[in-house]
Amino acid sequence: MGVMLGGGNIFGRVRYERIKDQVRNTTVEDVCTEEGIRSKEQIIALLGVAITEVEYGKLRDCIKYIRNKYKPEWNLPGLGKSVIDLLSTVKKGSKKFRSVMSGRGSKVYKKFKFEDIRPINTLWAQMGITMDERLLGCGMLLWNVREIDTEMRQFIFKWNQGMVHGNTVISHFGDVDRKCTFCKLKQVNELKIALGREPTNVEIEGMQVPDENRPHIFWECPIVYQCVQEVYHNLWGGNGQVDKKSFLMGKDMGILEATMLHMLSNMCIKYRIWKYKLAGVLPKVNCIKNDVSRWMDELTWYHKWRIMLPLVRRQIYV
Ligand SMILES: [Zn+2]
């Protein structure tokens, strides 16, 4: 308000020089109410400076302009969509999460735990990893990172909500074998070489292939495990192994953003492997290495993420 009052806007320069210490800290809130500008007398009492009719008129116009340009908060509720409106399009299974997000019932919010949301609970129970509410909370922030593409954000959102499934679940919804996509491909290839011909359906059915549940397709599958370790090494250097919990759930890096960056890199690895699984092709480790590195380069082009790199690197195999 100080700038507006002076600078020849409302008070002349000479006059403003004289009274600026009195009026500089006046705020818009001081001079108006919800109904509009206060009366001239009230303004005089507030500023401690007698103002002319012309000055009052100028002040009134300024306030009108400001209120039009920057809507005061009491004008806002009718205009935009509330969080509840925004979330209402999210369907099935998300009711509990939605009510928490929209803050319906502050008691619920205070007692809120991720373990109360069944698909999330199921995911971690299946993975055999004890839920870590802090890491989970951090993971929930990932889908909203603006610097990454929508496709990836969708995958991250689904993963965190426990909505990414392997063939054991997918097979309920169509003509899909519940066996691991990768293990099956590998075994069929081996059988083909051993037989010197295409194996028959009966021969393929007779193979011992593990089920493609989530722990298998994201960690236990030997093809996936090998790929994860190689890509992780390529990205972070060092010669340690990434452990199951760090890779799947995350690892506390001391600073929220550093923890998030590490999670994002792991999500990227998971997503690339996942795409090979959907395509029904064995993962090409070198391609994934390049993809993940390029993706991280793009993300860390942003200063806020780049400065987290050394922090993550230092913590990674600790
Ligand atoms: Zn497998």
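See the structure above.
Sequence positions are assigned chain by chain, starting from 1 and proceeding in written order. This being a predicted model, a pLDDT of at least 70 is required before a residue's local features are given, and a value of 80 or more before pairs of side-chain atoms are given or counted; all residues contribute to the totals for chains, interfaces and linings. Hydrogens are left out, water is left out, and the side-chain values use all remaining heavy atoms of the structure.

So what about the overall build of the protein? Which residues, and what values?
Helix and strand definitions here come from DSSP, where helices need a minimum of 4 consecutive H or I residues and strands a minimum of 2 consecutive E residues; each element is numbered from the N-terminal end. The helix and strand inventory of the protein stands at 21 helices and two strands. Type-normalised accessible area, obtained with a 1.4 Å probe on protein chains alone, sets the label of each residue: buried when under 20%, exposed when over 50%, and partly exposed for intermediate values. Relative to its 318 residues, the protein shows a buried fraction of 40%. A fraction of 63% describes how many contacts in the protein between residues 6 or more apart in sequence connect residues 24 or more apart. Here a residue-residue contact requires only that any non-hydrogen atoms of the pair lie within 4.5 Å.

Before we move on, could you go through the packing of aromatic side chains and cite the residues and values that matter?
Stacked, tilted and edge-to-face pairs are distinguished by plane angle, under 30 degrees for stacked and over 60 for edge-to-face with tilted covering the rest, among Phe, Tyr and Trp rings (Trp via its six-membered ring) whose centres lie within 6.5 Å. If you walk through the whole model with that rule in mind, you get eight aromatic pairs. Measuring from ring centre to ring centre gives 5.2 Å for Trp-143 and Phe-157, while their planes differ by 70°; the resulting arrangement is edge-to-face. Here Trp-143 is found in the loop between α10 (133-139) and α11 (150-160), whereas its partner Phe-157 is found in helix α11, with 14 residues between them in sequence. Overall, Trp-143 belongs to the partly exposed group, its relative accessible area being 32%. Classification of Phe-157 as partly exposed rests on a relative accessible area of 25%. Grouping aromatic residues by their ring pairs yields a cluster made of Trp-124, Trp-159, Phe-218 and Trp-274. For a Lys NZ or an Arg CZ to count as sitting over a ring, it must be within 6 Å of the ring centre and within 35 degrees of the ring normal. In this structure, Lys-270 packs its charged tip against the face of Phe-247, placed 5.6 Å from the ring centre. The ring of Trp-274 has Lys-277 lying over it, and the distance from NZ or CZ to the ring centre is 5.6 Å.

Everything listed here is a matter of coordinates, which is why it stays silent on function.
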